[in-house]
Amino acid sequence: MAHIDAGKTTTTERILYYSGYTRSLGDVDDGDTVTDFMAQERERGITIQSAAVTFDWKGYRVNLIDTPGHVDFTLEVERCLRVLDGAVAVFDASAGVEAQTLTVWRQADKHKIPRICFLNKMDKTGASFNYAVESIREKLKAKPLLLQLPIGEAKTFKGVVDVISKEKLLWNPSSGDGKDFERKPLSEMSDPKLLKETTEARNALIEQVADLDDEFADLVLGEFSENFDLLPAEKLQTAIHRVTLAQTAVPVLCGSALKNKGVQPLLDAITMYLPSPEERNYEFLQWYKGDLCALAFKVLHDKQRGPLVFMRIYSGMIKPQLAIHNINGNCTERISRLLLPFADQHVEIPSLTAGNIALTVGLKHTATGDTIVSSKSSALAAARRAEREGEKKHRQNSEAERLLLAGVEIPEPVFFCTIEPPSVSKQPDLDHALKCLQREDPSLKVRLDPDSGQTILCGMGELHIEIIHDRIKREYGLETYLGPLQVAYRETILNSVRATDTLDRTLGDKRHLVTVELEAKPIETSSVTPVIEYADSVSEDILKASQEAIENGIHSACLQGPLLGSPIQDVAITLHSLKIHPGTSSTMISACVSRCVQKALKKADKQVLEPLMNLEVTVTRDYLSPVLADLAQRRGNIQEIQTRQDNRVVIGFVPLAEIMGYSTVLRTLTSGSATFALELSNYQAMSPHDQSTLLSRSGLT
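Read on for a plain summary of the structure. (Residues numbered from 1 in each chain as written. Predicted model: local features only at pLDDT ≥ 70, side-chain atom pairs only at ≥ 80, totals over all residues. Heavy atoms only, no water.)

Attention shifts here to the packing of aromatic side chains. The tally for this structure, following the rule as stated, stands at four aromatic pairs. Geometrically, the ring pair formed by W171 and F181 is stacked, given 4.9 Å between the ring centres and 20 degrees between the ring planes. With W171 in strand 8 (residues 167-171) and F181 in strand 9 (residues 181-185), this residue pair connects regions lying ten residues apart in the sequence. W171 sits in the buried class, given a relative accessible area of 6%. Look at Y662 and F676: their rings are 5.1 Å apart centre to centre, the planes differ by 85 degrees, and that puts the pair in the edge-to-face class. In this pair, Y662 is assigned in helix 18 (residues 662-669) and F676 in strand 34 (residues 675-685), connecting sequence segments 14 residues apart. (Phe/Tyr/Trp six-rings, centres within 6.5 Å; stacked < 30°, edge-to-face > 60°. Helix = DSSP H or I, 4+ residues; strand = E, 2+ residues; numbered from the N terminus. Buried < 20%, exposed > 50% of the residue type's maximum accessible area, 1.4 Å probe, protein only.)

Rendered as structure tokens:
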């Protein structure tokens, strides 16, 4: 995981080569890497979909997933971290911690994932080991454990020093693929300066680990307090393994994946310091007693095989022809074939055990975030065990919740545009393509505009929607037309208002009569769905019978606000009274409540909220002022300007509406030398002047 262009895919490519899974070294620039196999990835030189690969290294089976760096595909990173046990954070040694590095690091913190840092691109001009380590310490607030030191930097980089064993690893310059390298102990004769540095680094490392791990501290203070040199490497490695698992510190290694240096020691470190599946303690596993329990974390559509579902197996085992039960969908399905993922080449296998990542064929209804078990009875048995244990601990939560593995949080889309098929007869084909793409990528939302009947795509960013458009054309053979990109605004109200409404209709011989009185008021906390409250005057019996109808009515009224027709947020609706004539249908109750909520919202003082983006622009000193002047015109709010070696990093907030097509403008302003990263920060109220401009532009005032 890493920021865009830190070298994730190249590092993956080298790992596969040295572990014997590929016979040639792929290159992102040539478009022949294993894990970037989509046409769009090869053309653009970026990763869009995370790709899973399985390989062996020195007797260990490793499941590796290469993730994208663009924030538009942040869901891909999220759902992979959700099912993995450890992560390698890759850094560009000349830039240190960048915007997306922070994002993926926070995602890993959220899922409590132990990680190793790999400072890549040590051969690049401007690479600085100390600068990168310092930025990890300051910006990520992590404790770096230096397990290696570079020999030379930038053009002079030729190898690394292993701090633990005090050996230098030099790669043979004449060997093109970096397979040959030699380990030599550092000696006082040949490299006195390096030996002194390494000894100091090793002593510092021992002290650092001793501070964090009591067991190791006792050992150090006991036998080896006089001379740290006598401390065996194995003892130090075991202690670093414990500290990494406890996530109190992160091991740091360095190298250059493109120049084939430093990748083998990284693989050794992965098997040595990151957890094996047995070392990750998942509370829910004890209820399953070795029965199957897996989480579907990704779906791909294959032309020949239909939907392929990626699963992480937590316990039990999977075989082909196995019937499985999906707890979320409450349905039973059969796995027809079982494959071992290897990017886009898959190998068929007879069975797969816990801790692995499997690719299953034949599951039609399983989606991202579903929990898979062997049968309904196995799920119920586990629920009963959990309940018995729960009673002991007096923990009250519903059976099903305890059994479900936490799914994957799906971010809210910020961009939308209309999509139209080339002709009306192709609409069903487009619907099918969008349905498949939505199962694959839950951050893509598709909805119908009730007024115009158009299909609307909602996505995470310009690049996201562009890629979806491209995939519909390539994979489904449909030339579609995209309307102009629009920003997903939200609306809210500023004061509380009451409204009443009566609906009286006679259909056939039935009279439907409902009278509602309710109040809408703004709330402080940020909530996308309306908070629903009931006054004491509303009788329990009425609530029991029609609560669902009332809530449906309120929710549907809040989907379209009175100003722009955007969703309403940060609002609480209190129901004060409800009178229902006997025999009134629930649809009529919903309709009346919905109309009443809309009436209240129209009466209130209304406010448009717009998405505010965190923006980070990296620019050379010469171009700093035109970039700042341009951001000022875009209603930008600059928080700080940091120095990153020779560059300046501008950090601030900019409304999403002002940043459409920003990449082209930035390239022109800085002659193509600047880069930027965007991320949704929050929704913020627009100023009255901006709001009236927006409404008059939309033709709504």
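What follows deals with the nonpolar core. In this structure, L119 and F216 are the most contacted members of the largest nonpolar core, which totals 82 residues. With seven residues, the top contributor of residues to this core is helix 6 (residues 192-212). Sequence-distant contacts of L119, that is, excluding residues within four places in its chain, are made with F91, A93, F129, A132, V133, I136, V252, L253, C254 and G255. The next biggest cluster of nonpolar side chains, apart from the first, holds 35 residues, and it includes V414, L437, I465 and V619. (Core = buried A, V, L, I, M, F, W, Y, C linked by side-chain atoms within 4.5 Å. Contact = heavy atoms within 4.5 Å.)

Take the sheet that holds strand 14 (residues 323-326) next. With antiparallel pairing, eight strands are arranged side by side in an open sheet as 15-14-20-11-12-19-16-17. At either end of the open sheet lies a strand with only one pairing partner, and these are strand 15 (331-334) and strand 17 (347-348). When strand 16 (residues 337-340) meets strand 17, the two strands line up antiparallel, connected through two bridges. For L339, the partnering residue across the bridge sits in strand 17 and is E348. Here helix 3 (residues 74-83) sits on the sheet and contacts strand 11 (293-302) and strand 12 (306-315); the angle it forms with strand 11, its principal contact strand, is near 145 degrees. (Pairing = 2+ DSSP bridges. Axes fitted to C-alpha atoms, helices over the stretch in contact; angles between N-to-C directions.)

Let us now look at the environment of V619. Mapped onto the fold, V619 is located in strand 31 (residues 606-620). The spatial distance from the C-alpha of V619 to the C-alpha of K603 is 48 Å, given a sequence separation of 16 residues. In this structure V619 touches L624, V627, N647, R648, V650, T670 and A674, once residues within four positions along its chain are discounted.

A few words on the packing of helix 17 (residues 624-633) against helix 18. Closest axis-to-axis distance for the helix 17/helix 18 pair is 10 Å, and the angle between their directions is 145 degrees. You can see that helix 17 and helix 18 cross each other, and the crossing is right-handed. Across the interface between the two elements, P626, V627, D630 and L631 from helix 17 touch Y662, V665, L666 and L669 from helix 18. When grouped by side-chain class, the residues that make up the contact of helix 17 with helix 18 number seven nonpolar, no polar and one charged. (Left-handed = near helix turned anticlockwise from the far one by under 90°. Nonpolar A, V, L, I, M, F, W, Y, C, P; charged D, E, K, R; others polar.)

Enumeration according to the criterion identifies 29 salt bridges in this entry. K599 is the partner of D501 in a salt bridge, and the nearest nitrogen-oxygen pair spans 3.8 Å. Linking D501 in strand 27 (residues 497-507) with K599 in helix 16 (residues 586-603), this pair joins segments that are 98 residues apart in sequence. For D501, a relative accessible area of 8% corresponds to the buried category. Here the salt bridges do not stand alone but share partners, grouping E610, R635, E658 and D690 into one network. (Salt bridge = Lys/Arg side-chain N within 4 Å of Asp/Glu carboxyl O.)

Now for empty space enclosed by the protein. Within the structure shown, the criterion is met by five cavities of 30 Å³ or more. Of the pockets and cavities examined, the largest cavity occupies roughly 130 Å³. I48, F73, E76, D441 and H464 are, among the 15 residues lining the largest cavity, the residues nearest its centre. Every element with two or more residues in the lining of the largest cavity is listed here: helix 3 and helix 14 (462-476). (1 Å grid on protein atoms, 1.4 Å probe; cavity = no way out; pocket = protein on both sides within 12 Å on 5 of 7 lines; lining within 4 Å. Points joined across faces, edges and corners; volume = space filled by probe spheres on them.)

Let's shift gears to the side chain of E519. Position of E519 among the secondary structure elements: in strand 28 (residues 510-522). Of note is the side chain of E519, whose polar atom sits 3.1 Å from the side chain of H576. Ignoring sequence-local partners within four residues, the contact set of E519 consists of S496, V497, R498, A572, I573, T574 and H576. (Polar contact = N/O pair within 3.5 Å; in protein donor to acceptor, adjacent residues only side chain to side chain.)

As a further point, take the sheet that holds strand 3 (residues 87-92). The four strands lie next to each other as 3-4-10-5, forming an open sheet whose pairing is parallel. Each of the sheet's edge strands pairs with one partner strand only, and the pair in question is strand 3 and strand 5 (144-146). Strand-to-strand twist across the sheet, computed as the mean angle between neighbouring axes with direction ignored, equals 30 degrees. Note that strand 5 and strand 10 (residues 250-254) share three bridges and pair parallel. Bridge pairing in strand 10 places P144 opposite V250.

Moving on to helix 8 (residues 233-245). The first and last C-alpha atoms of helix 8 sit 18 Å apart over 13 residues, in line with the 18 Å expected at 1.5 Å per residue. Taken as a whole, helix 8 has its buried residues at L236, A239, I240, H241, V243 and T244. As for helix 8, its buried residues are in contact with strand 4 (115-120), strand 5, helix 6, helix 7 (214-222), strand 10 and helix 9 (263-273). Of the residues trailing helix 8, Q247 is marked for its positive phi of about 60 degrees. (Expected span 1.5 Å × (residues − 1).)

The quantities given are spatial measurements derived from coordinates; they are silent on function.
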